[in-house]
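Spelled out, the chains give:
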Amino acid sequence: MAIDLKLIDKLLADYKKPEDIIGENGLLKQLTKALLERAMQAEMTDHLGYEKHDPAGNNSGNSRNGATTKTLKGDFGELPLETPRDRNGTYEPKIIGKGQTRFTGFDDKIVSMYARGMSTREIQGHLEEIYKVEVSPTLISNVTEEVMEEVKNWQSRPLDAVYPIVYLDALVVKVRESGHVRNKAIYVAIGVNMQGNKEVLGLWAGLAEGSKFWLQVLTEVKNRGVADIFIACVDGLKGFPEAIETVFPEAQVQLCVVHQVRASLNYVSWKQRKAVAADLRPVYQASTVEDAEQRLDEFAAKWDGVYPTISQMWRRNWEHLTPFFAYPADIRKVIYTTNAVESLNMSLRKVIKTRGSFPTQDAALKLLYLALEHIAKKWTKPVKDWKAALQRFAILLGDRVPKAELA
C-alpha cells in the first residue's frame, strides 16, 4: 500500500524530539490506537452489511451498540482500545480477538526471556522498565505454561528410522516435592541423523541417573520409530552398555574416552596428574587398535607400580573404548567423546543455575525445552567430513545403511 508522503509531513509538523514519535504518548502509539479502532469499525461495517448511520440498517435485525474498553499490552506499553459491539452480540473482532489483551508477538518476548533463564521477577522488571507494561506473575506463568503442550507433542513426535550416532547423558536439577528439594536427573539424547545433522531426540526426568531408567528411555525411542543406531556414545555408567544392547542389539557402544581419562585421573595425586594424562594420550590417539594396545602396555609398564588400577580399568572396558578406531581420523573425535551432549548440557546448566530449584518437574522440563529450542537454532552445519563417515558406515555395516542416503 502506497503511503502519502504529504500525510506524513502533516503528522510530523509539530515534531521536535524523539519522544514526540516513540514516547509514552507519542505519535506511533496514537496511530496504532487510531488504526486498530478504525479497523474494528470497518470490520463491524462488514459484519452488519451497512455503514454507520446508513438508512439501510433500519429494521435490519442488528445494529451497532456502543463499545467496550479494554487495555492491550505490547511493545508500545499499555494501549486503551474502544472495541465496537453489536446489539445481537455476534460481532467477533479479527484484528484484536475477543479476550485478547496482549499484542501479537508480546507473548513471544515473554517466552524468549524465560528461555534464556530469566526468572518471573526479572521478566516483570524488564517489561516494566523497557515497555512501561505491568504484568503479573500469573500472566507470565500462563504464557509459559502454554509451552507444555508443545513439549508433549515434541516429546512424542515420530523419529527417523536410523541414527548413525546417538549421544546419551544426563544432568541434575533440583525440584521441590512435598516440601523438600530433591535432585532429579534429566536425561538427554542427541542423535546425528543420516544427513549428519544433530537433533535432540527427547528429554526425560528420573530420580537419579541409572541404567534401568536409560533402558526405559531407549525403549521409548524405539517405540517412536528408531529401528537402528550404529554407535551409541555414553559415559562410563555401570550397566549402560547392557541397557543399550538390550534395546538395540546391533549398536556398537562407544564409551567416552574423555570420561575414561577423567576416571583414571581420580586415582592419581595432583602432582602427577599432568604426566599421567600425557602418557594416556598416545593410547587413544594411536592410528590403529594394535598400536593403541602397545601404547597401553607401555603405559602399564611405567605406571602400574604406582597406579595399577588405571591400566586394569582400560583393559576391562577395552571392547567399548575402541570402536572409533574403525573410522576416519577426522571423525574419530566425534565418536569417542560425548562432547556434543556435554556442550549442550553446559549451556542448559547456565540457564538453570539462577533458578535454585523448580516448583515442579514439568517446570524444569518446560524451561529446558525452550532453552533447547534456542540452542538448536545454531546447529546449522552437518558433522565435518560426514560423507566420508557415511561411506565407512556403508562398508562396515552393509545393508544396515539405507542406500538412498548414499546417493
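Residues numbered from 1 in each chain as written. Predicted model: local features only at pLDDT ≥ 70, side-chain atom pairs only at ≥ 80, totals over all residues. Heavy atoms only, no water.

## So, the overall build of the chain
Reasoning step 1: Each helix and strand in the chain was counted, giving 18 helices and seven strands.
Reasoning step 2: Dimensions of the chain along its principal axes, counting C-alpha atoms only, are 100 × 50 × 50 Å.
Reasoning step 3: Counting all 407 residues of the chain, 45% fall into the buried class.
Reasoning step 4: For the chain, contacts bridging at least 24 residues in sequence account for 63% of all contacts bridging at least 6.
Reasoning step 5: When the accessible surface of the chain is summed, it comes to about 22,300 Å², and 52% of that surface belongs to carbon and sulfur atoms.
Reasoning step 6: In the chain, 55 side chains carry a positive charge and 52 a negative one; their mean positions are 4 Å apart. (Helix = DSSP H or I, 4+ residues; strand = E, 2+ residues; numbered from the N terminus. Buried < 20%, exposed > 50% of the residue type's maximum accessible area, 1.4 Å probe, protein only. Contact = heavy atoms within 4.5 Å. Areas by Shrake-Rupley, 256 points an atom, 1.4 Å probe, with all protein chains shown as cover. Lys, Arg positive; Asp, Glu negative; His and termini not counted. Charge placed at Lys NZ, Arg CZ, Asp CG, Glu CD.)

## Brief notes about the side chain of Ser311
Reasoning step 1: With respect to the secondary-structure elements, Ser311 resides in helix α13 (residues 308-316).
Reasoning step 2: For Ser311, a relative accessible area of 1% gives the class buried.
Reasoning step 3: Once you skip the residues sitting within four places of it in the chain, Ser311 turns out to touch Ala300 and Asp304.

## So, the packing of aromatic side chains
Reasoning step 1: If you walk through the whole model with that rule in mind, you get 12 aromatic pairs.
Reasoning step 2: Arranged with centres 6.5 Å apart and planes meeting at 35°, the rings of Phe299 and Trp303 form a pair that is tilted. Here Trp303 and Phe299 lie together in helix α12 (residues 289-303), a separation of four residues that amounts to about one turn. Neither residue differs from the other here; Phe299 and Trp303 are each classed as buried.
Reasoning step 3: Each member of the aromatic cluster is reached from another via a ring pair, and the members are Tyr187, Phe213, Trp214 and Phe240.
Reasoning step 4: Over the aromatic face of Phe248 sits the side chain of Lys222, whose NZ or CZ is 5.9 Å from the ring centroid. (Phe/Tyr/Trp six-rings, centres within 6.5 Å; stacked < 30°, edge-to-face > 60°. Lys NZ or Arg CZ within 6 Å of the ring centre and 35° of its normal.)

## A word on the sheet that holds strand β5 (residues 198-206)
Reasoning step 1: Across the sheet, which stays open at both edges, the five strands sit in the order β5-β4-β3-β6-β7 with mixed pairing between neighbours. The open sheet has two edge strands with one neighbour each: β5 and β7 (252-255). Neighbouring strand axes in the sheet, compared pairwise and without regard to direction, differ in orientation by 25° on average.
Reasoning step 2: Sheet topology places strand β4 (residues 180-192) next to β5; eight bridges connect them, and they run antiparallel. (Pairing = 2+ DSSP bridges. Axes fitted to C-alpha atoms, helices over the stretch in contact; angles between N-to-C directions.)

## As for the environment of Thr69
Reasoning step 1: Inspection of the secondary structure assignment puts Thr69 in strand β1 (residues 64-74).
Reasoning step 2: With 144 residues separating them in the primary sequence, Thr69 and Phe213 have C-alpha atoms 54 Å apart.
Reasoning step 3: In this structure, Thr69 is in contact with Leu81 and Glu82, ignoring residues within four places of it in sequence.
Reasoning step 4: At 2.8 Å, the side chain of Thr69 and the side chain of Glu82 are in polar contact. (Polar contact = N/O pair within 3.5 Å; in protein donor to acceptor, adjacent residues only side chain to side chain.)

## Concerning the nonpolar core
Reasoning step 1: Ranked by internal contacts, the top residues of the largest apolar core, which has 109 residues, are Leu168, Ile244, Val276, Trp314, Leu344, Trp386 and Phe393.
Reasoning step 2: Ignoring sequence-local partners within four residues, the contact set of Leu344 consists of Val188, Ile190, Val200, Leu372, Ile375 and Trp379.
Reasoning step 3: The next biggest cluster of nonpolar side chains, apart from the first, holds 10 residues, and it includes Met44, Leu48, Tyr50 and Leu72. (Core = buried A, V, L, I, M, F, W, Y, C linked by side-chain atoms within 4.5 Å.)

## Examining a positive patch on the surface
Reasoning step 1: A surface patch of like charges, here positive, comprises Arg116, Lys350, Lys353, Lys377 and Lys378.
Reasoning step 2: Position of Lys378 among the secondary structure elements: in the loop between α17 (361-376) and α18 (386-397).
Reasoning step 3: For Lys378, a relative accessible area of 63% translates into the label exposed. (Patch = residues over 30% accessible without salt bridge, like charges linked within 9 Å, V, L, I, M, F, W, Y side chains within 5 Å. Salt bridge = Lys/Arg side-chain N within 4 Å of Asp/Glu carboxyl O.)

## Comments concerning the environment of Asn197
Reasoning step 1: Along the chain, Asn197 falls in the loop between β4 and β5.
Reasoning step 2: A residue is classified by how much of its surface remains accessible, and Asn197, at 24% relative accessible area, is partly exposed.
Reasoning step 3: C-alpha of Asn197 to C-alpha of Trp386: the two residues are 189 residues apart in sequence and 9.2 Å apart in space.
Reasoning step 4: Discounting residues that sit within four places of it in the chain, Asn197 has contacts with Gly191, Val192, Thr380, Lys381 and Pro382.

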